[in-house]
Amino acid sequence: MATKRRRLGNPLALAVMVLLTERPMHPYEIAQTLRRRGKDSSLKINYGSLYTVVQNLEKHGFVEVAEVQRQGNRPERTLYGITDAGRVEATEWLSDLLAVPVAEFPIFEAALSLMGVLHPDEVARLLAERLGGLDVRAAALRGVLDKLQETLPRLFLIESEYELHMVEAEAAWVRGFLAELQAGTFPGVREWRTFHDTGEIPEAYRKAEGGDVNGP
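Keep in mind that this is a model prediction, so the values were computed, not measured.

> Teacher, can you tell me more about the overall build of the protein here?
Helices and strands together make up the secondary structure of the protein, namely 9 helices and 2 strands. The N-to-C order of helical and strand elements in the protein reads α-α-α-β-β-α-α-α-α-α-α. Against the globule reference of 17 Å for 216 residues, the protein gives a C-alpha radius of gyration of 25 Å, more extended than a compact globule. The principal-axis extent of the C-alpha atoms belonging to the protein is close to 80 × 40 × 35 Å. Evaluated residue by residue, the protein yields a buried proportion of 29% over its 216 residues. Across the protein, the fraction of contacts at a sequence separation of at least 24, relative to all contacts at a separation of at least 6, is 59%. Positive and negative side-chain charges of the protein, numbering 26 and 31 respectively, have mean locations separated by a distance of 6 Å.

> Help me out: how do you make sense of the packing of helix α1 (residues 11-20) against helix α2 (residues 27-36) in this one?
Axes are the key here: two packed helices are described by the angle between their axes and the distance separating the axes. Two elements in contact, α1 and α2, have axes separated by 11 Å at closest approach and are oriented at 95°. With respect to their mutual orientation, α1 and α2 come out roughly perpendicular. Contacts from Leu 12, Ala 15, Val 16, Leu 19 and Leu 20 in α1 reach Ile 30, Thr 33 and Leu 34 in α2. For the contact of α1 with α2, the residue count by class is 7 nonpolar, 1 polar and no charged.

> Quick question: what am I supposed to make of the pattern of salt bridges here?
If the charged atoms of two oppositely charged side chains come close together, the side chains can form a pair. Under the defined criterion, the tally for this structure stands at 14 salt bridges. We note a salt bridge from Arg 125 to Glu 129, for which the minimum N-O separation is 3.7 Å. Of the two residues, Arg 125 and Glu 129 both sit in helix α6 (residues 120-148), 4 residues apart, roughly one turn of that helix. Members of the salt-bridge network, linked through shared partners, are Arg 6, Glu 89 and Asp 96.

> Is there a simple way to explain unusual backbone geometry in this structure?
Where the residue is not glycine, phi is negative for most of them; where a peptide bond is considered, it is trans in most cases. Although it is not a glycine, Phe 105 adopts a positive phi angle of roughly 50°. Of note, Phe 105 is situated in the loop between α4 (84-99) and α5 (107-114).

> Which parts of the structure should I look at to understand α4?
Along an α-helix, a turn takes 3.6 residues, which lines up residues three or four apart on a common side. Spanning 16 residues, α4 covers 23 Å between terminal C-alpha atoms, matching the ideal 22 Å at 1.5 Å per step. For α4, the complete set of buried residues consists of Gly 86, Glu 89, Ala 90, Trp 93 and Asp 96. All buried residues of α4 fall inside an arc of 135° around its axis, so they share one side. Projecting away from the buried face of α4 at angles above 90 degrees are the exposed residues Asp 84, Thr 91, Leu 98 and Ala 99. Considering only its buried residues, α4 is in contact with α1 and β2 (77-82).

> Would you explain the packing of α2 against helix α3 (residues 47-59) in this entry?
Where α2 contacts α3, the two axes come as close as 9 Å, and the packing angle between them is 120°. By the angle between their axes, α2 is oblique relative to α3. When you trace α2 past α3, the crossing you get is right-handed. In this structure, α2 contributes Pro 27, Tyr 28, Ile 30, Ala 31 and Arg 35 to the contact, and α3 contributes Tyr 47, Leu 50, Tyr 51 and Val 54. Each residue belonging to the contact of α2 with α3 can be placed in one class, and the counts come to 8 nonpolar, no polar and 1 charged.

> I tried to follow the packing of aromatic side chains on my own but got confused; where do I start?
When we look at a pair of aromatic rings, we describe it by the centre distance and by the angle of the planes. All told, the structure shown has 3 aromatic pairs when counted by the stated rule. Ring geometry for Phe 177 versus Phe 186: centroids 5.1 Å apart, planes at 65°, classification edge-to-face. When its relative accessible area of 24% is taken as the criterion, Phe 186 is described as partly exposed. Grouping aromatic residues by their ring pairs yields a cluster made of Trp 173, Phe 177, Phe 186 and Trp 192. When the ring centre of Phe 108 is taken as origin, the NZ or CZ atom of Arg 130, which lies over that ring, is 3.6 Å away.

Parameters and conventions
- Residues numbered from 1 in each chain as written.
- Predicted model: local features only at pLDDT ≥ 70, side-chain atom pairs only at ≥ 80, totals over all residues.
- Heavy atoms only, no water.
- Helix = DSSP H or I, 4+ residues; strand = E, 2+ residues; numbered from the N terminus.
- Rg over C-alpha atoms; globule rule 2.2 N^0.38 Å.
- Buried < 20%, exposed > 50% of the residue type's maximum accessible area, 1.4 Å probe, protein only.
- Contact = heavy atoms within 4.5 Å.
- Lys, Arg positive; Asp, Glu negative; His and termini not counted.
- Charge placed at Lys NZ, Arg CZ, Asp CG, Glu CD.
- Axes fitted to C-alpha atoms, helices over the stretch in contact; angles between N-to-C directions.
- Parallel < 35°, antiparallel > 145°, perpendicular 65-115°, else oblique.
- Nonpolar A, V, L, I, M, F, W, Y, C, P; charged D, E, K, R; others polar.
- Salt bridge = Lys/Arg side-chain N within 4 Å of Asp/Glu carboxyl O.
- Expected span 1.5 Å × (residues − 1).
- Arc of directions from axis to C-beta.
- Left-handed = near helix turned anticlockwise from the far one by under 90°.
- Phe/Tyr/Trp six-rings, centres within 6.5 Å; stacked < 30°, edge-to-face > 60°.
- Lys NZ or Arg CZ within 6 Å of the ring centre and 35° of its normal.

Functional significance is not addressed by these values, which are geometric in nature.
Below, the structure written as structure tokens:
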């Protein structure tokens, strides 16, 4: 099942609509609330872009001005609330994101697809460095989660729990791949090394480039 093409694709727009289902808010209050709840770990939030997102949501009829507040000489504060169309959009959009897997093209995956240009010893060194960073990140996330779980329901921390599991899964995969490189058991590592040490393209590479992978 494919996800529906939507008029707004910025996940921050979805976060704004979900937040406004609670009550009308000013854009600055929206930003502060998202940060206070730790949503800036999974969303890029800054006041300028948020204000643009709110304007686009209003343009498409998903939010509307609920109130304009005036307090003495202070500038007016415009509070926005979600519309019925916005509630439908937020529900359908969130349902799609939860149910339908999509290709997200992570940058690490792209780097892995191009790593052959580096010597395998250099790749091993770089992956060891990455693994150290992943282990530190996982430990930090685990510490934060353990602390927050003392006062907050799991529902409010679920995205951090998911992030921790993804970091741990990546670390486990990198650790295994790195072990293969260091032990010389990774298939084709000899040809990979020869290519960098001599500059000669191995026969296996020529066959692959020519599409004759199964040839003699």
